[in-house]
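Observations on the model geometry
This is what each chain is made of:
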Amino acid sequence: MTPDVKGFLLLSTIKMLLVFTVLMIGVALLTLMERKVSAWMQNRRGPNRVGWAGLLQPAADGLKNIAKEETFPASANQLIFTLAPAMAFIPAALLSGVIPWASPLPVSFDARLPLIGTVSYHGMLSMAVVDLPVGFLFVIAISSLGVYGIALAGWSSNNKYSLLGGLRSSAQMVSYEVAMGMSLVPVLLLTGNVTFSAIIAAQQEGLWFVLPLFLSFFVFLVAGFAETNRLPFDLPEAESELVAGYHTEYSAMKFSMFPISEYANMATVSAMVVTLFFGGWDLPGPWAPGPGLGLTLLTAGAMFLKVLFFLYLFMWVRWTLPRFRYDQLMALGWKVMLPVALGYIMVTAFAIWALEHWVGVASPKLAMLILFGMNLLLAYGVFYRLDRGVIVSGSFRPPPPTAPPHRPTTAPAGGA
Amino acid sequence: MPIGIKVLKRPEQRVSYVRAALKGMALTFKHMLEPKVTMQYPEEKSTADLRGAYALSPRWRGTHRMMADEQGRTKCVACGLCPQICPANCIKLVPGEDAEGNRYPLIYEIDEFRCIFCGYCQEVCPEEAIHVGTHYENAEYSRDRFVYDLERLGAQVHPVSTLWDPADPRGE
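Residues numbered from 1 in each chain as written. Chains lettered and ligands numbered in written order. Predicted model: local features only at pLDDT ≥ 70, side-chain atom pairs only at ≥ 80, totals over all residues.

**Here's the deal with the overall build of chain A**
Each helix and strand counted, chain A has twelve helices and two strands in total. In sequence order, chain A lays out its α and β elements as α-α-α-β-β-α-α-α-α-α-α-α-α-α. In terms of its C-alpha atoms, chain A occupies a principal-axis envelope of roughly 110 × 70 × 40 Å. For chain A, with 416 residues in total, the buried portion stands at 41%. Sequence-distant contacts, at least 24 apart, represent 79% of the contacts inside chain A between residues at least 6 apart. (Helix = DSSP H or I, 4+ residues; strand = E, 2+ residues; numbered from the N terminus. Buried ≥ 20, exposed ≤ 12 C-beta atoms within 10 Å, placed from the backbone. Contact = placed C-beta atoms within 7 Å.)

**Observations regarding the environment of Leu22(B)**
Residues and elements named next belong to chain B. With respect to the helices and strands, the residue Leu 22 is situated in helix 1 (residues 17-33). Judged by local crowding, Leu 22 falls into the exposed class, with 12 C-beta atoms found within 10 Å. Here the alpha-carbon distance between Leu 22 and Asp 69, two residues 47 residues apart in the chain, equals 66 Å.

**Side note on the sheet that holds strand 2 (residues 91-97) of chain B**
Within a sheet, adjacent strands bond to each other through the backbone by hydrogen bonds, running parallel or antiparallel. Residue and element names in this part refer to chain B. Reading across from one edge, 2-3-5 is the order of the three strands in this open sheet, with antiparallel pairing throughout. Both outer strands of the open sheet, strand 2 and strand 5 (147-148), are each paired with one neighbouring strand and no more. As judged from the seven bridges shared by strand 2 and strand 3 (residues 103-111), these two strands associate in the antiparallel manner. Bridging from a neighbouring strand, Val 94 pairs with Ile 107 of strand 3. (Pairing = 2+ DSSP bridges.)

**What about the confidence of the model for chain B?**
Low-pLDDT stretches of the model should not have their predicted coordinates read in fine detail. Residues and elements named next belong to chain B. On average, chain B scores 83 in pLDDT, and the residues at 70 or more come to 92%. At the level of individual helices and strands, chain B shows its lowest average pLDDT in helix 1, which scores 84, and its highest in helix 2 (residues 81-85), which scores 90. At the level of chain-chain contacts, confidence expressed as ipTM amounts to 0.73, with global pTM at 0.80. (pLDDT = per-residue confidence, 0-100.)

**Quick notes on the nonpolar core**
Core analysis: the largest hydrophobic core is formed by 101 residues, its most contacted members being Val219(A), Ala223(A), Ala264(A), Ala267(A), Val273(A), Leu276(A) and Phe277(A). Residue contributions to this core peak at 15 residues, all from helix 9 (residues 252-277) of chain A. Those residues in contact with Ala267(A), other than ones at most four positions away along the chain, are Leu23(A), Gly26(A), Val27(A), Ser96(A), Val307(A) and Leu311(A). Listed in part, the 16 residues of the second largest apolar core include Ile91(B), Leu93(B), Tyr108(B) and Cys121(B). (Core = buried A, V, L, I, M, F, W, Y, C linked by C-beta atoms within 7 Å.)

**Describing the packing of helix 1 (residues 3-41) of chain A against helix 9 of chain A**
Residue and element names in this part refer to chain A. Running from N to C, helix 1 and helix 9 cross one another at 105 degrees; their axes reach a closest spacing of 9 Å. Judged by the angle between their axes, helix 1 and helix 9 are roughly perpendicular. Two secondary-structure elements touch here, helix 1 through Leu 23, Gly 26, Val 27, Leu 30 and Thr 31 and helix 9 through Pro 259, Ile 260, Tyr 263, Ala 264, Met 266 and Ala 267. The residue makeup of the contact of helix 1 with helix 9, split by class, is nine nonpolar, two polar and no charged. (Axes fitted to C-alpha atoms, helices over the stretch in contact; angles between N-to-C directions. Parallel < 35°, antiparallel > 145°, perpendicular 65-115°, else oblique. Nonpolar A, V, L, I, M, F, W, Y, C, P; charged D, E, K, R; others polar.)

**Some remarks on the pairing of strand 1 (residues 105-113) of chain A**
All names here are of chain A. Among the nine residues in strand 1, zero count as buried, and that is only a small part of the element. As paired elements, strand 1 and strand 2 (residues 117-125) share nine bridges and run antiparallel to each other. Directly across from Leu 105, in strand 2, lies its bridge partner Leu 125. In sequence, strand 1 turns back onto strand 2 through a hairpin of three residues, with Leu 115 there showing a positive phi of about 70 degrees.

**Observations concerning the packing of helix 1 of chain A against helix 2 (residues 57-67) of chain A**
To characterise two packed helices, one gives the angle between the axes of the helices and the distance between these axes. Residues and elements named next belong to chain A. Contact geometry for helix 1 and helix 2: axes closest at 8 Å, N-to-C directions at 105 degrees. Comparing the axis directions of helix 1 and helix 2 gives the class roughly perpendicular. In contact with Ala 28, Leu 29, Thr 31 and Leu 32 of helix 1, helix 2 contributes Gln 57, Pro 58, Asp 61 and Gly 62. Residue classes in the contact of helix 1 with helix 2 are distributed as four nonpolar, three polar and one charged.

**Topic: the environment of Ala26(B)**
Within the element layout of this structure, Ala26(B) appears in helix 1. Taking the C-alpha atoms as reference points, Ala26(B) and Ala99(B), separated by 73 residues in sequence, lie 78 Å from one another.

**Regarding helix 9 of chain A**
Two residues of an α-helix separated by three or four positions point the same way, owing to the 3.6 residues in each turn. Taking 1.5 Å as the rise per residue, helix 9 of chain A with 26 residues should run 38 Å; its terminal C-alpha atoms sit 38 Å apart, in good agreement. Within two residues after helix 9 of chain A, Gly279(A) carries a phi angle of roughly 80 degrees, on the positive side. (Expected span 1.5 Å × (residues − 1).)

**A word on the confidence of the model for chain A**
Confidence along chain A averages 82 in pLDDT terms, with 92% of residues attaining 70 or more. Least confident of the elements in chain A is helix 8 (residues 239-242) of chain A, whose mean pLDDT is 75; most confident is helix 2 of chain A, at 89.

Next comes the structure, spelled out in structure tokens:
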């Protein structure tokens, strides 16, 4: 191997370890944050006994889960039952590898390391573990795999509640996957590329995509909630109906893997939302320094804050909204989100084409501003429809216009 | 119909979902900023002090306490009313008599496990000797420690309960 390849591999390994470590610690702290936020929203204090302000609570929880007894249902499919938690977790962990967490870092070094030999790297180092050319297509593909873990966990438990949870999750995740994929097409239209770095560059050049593609953002966010099985859409778990849904039969660390993958999914979906619609690591304002370690750290901080906001939003919504009924969930997915996403593709495509060929707007910023104006109108229309409850209220059937009020008939006379 | 049943009609149309969701989110956010109500138990405790932040009701009926007179002798005259009225049958009383003919309890034990903390013993006591108190931290390491004998009952210092008075139902 040439020193360049060695340097690339070395740096990639370091990035991999870094991202995975940060993700796992972050997930552990997210469980604490969830409990804290839920407590605050209910005027409670939340865990505050283990460590300072309860910061060691996740460690205590982890210890407890590792030390607990693992139970296997007698009639469960042992192999799949054991594999399912890993299958739920791996896609979530994989996705964190493709998201650029900070601005590229200019790196230039030659070094001799023991065992490895000469390593060198010159150039901009992407702060994603791997800056895939297929970009968000990879994310959509891999996040679809997460459904296997949940569906198989439900099926292999050989328990009716688990099975129902698994079935619901597969139906729900497949339904919302469609809307999610469709909602990303306008991003592709506007950028002309699917790689994250190109998307971020386009947003730096113009506006953050949340403005020109607001409806895409909305559909993606809602689909993201459904994909991560978070509360308005947590029908796979649905503790009021299904005990604990797909993980009813799980115990100890195998159970713990499901919350871990849920939180990891939340983190990646938040990072996706930020990267696609909120400029990624882009730092708004003219006071960003030139490329270097300072910029990378600052942008990492900006990314962190943005992701944190969306993680908070996930929790905020979870502790506010009640769960959808199943038919409402399906109605929202297929009758609202998918048509909105599809229609939006058409409108955006036409608008971009018209702006380019009829109007001839050269500046991307101006074009995006015009799109933003168009979005305001569209969003008003969509939310007007949503707000009137015309689409979402699944069980509503208008009464017949002139039905007379039902009166009990008097008993026929003359009955012996 | 014994109980009034109010059937709420499910809203069927012209329902504002988006606005309702946003209103709910605003409400939960408002709650995040409000003062917390959790009592930090081992540091903060409920006390009989009514002015405190966490006040026990003065009618709280906790574990018992035996009162003593000015000479430090127990007030109990072993009349036997409290074991008689005790619905849980948790008071064990063996009366004794000294040379002057004064009755006193030889053995007076209350099994706090069996006790249902009704407060009848306090209510029935003609000498105001046995009381239930405003005390609630009763953990012990063994079961037999829950049988409080006369010495232990006399050693308690917690404030006693003011039982509900039928003549003054609101405590005025």
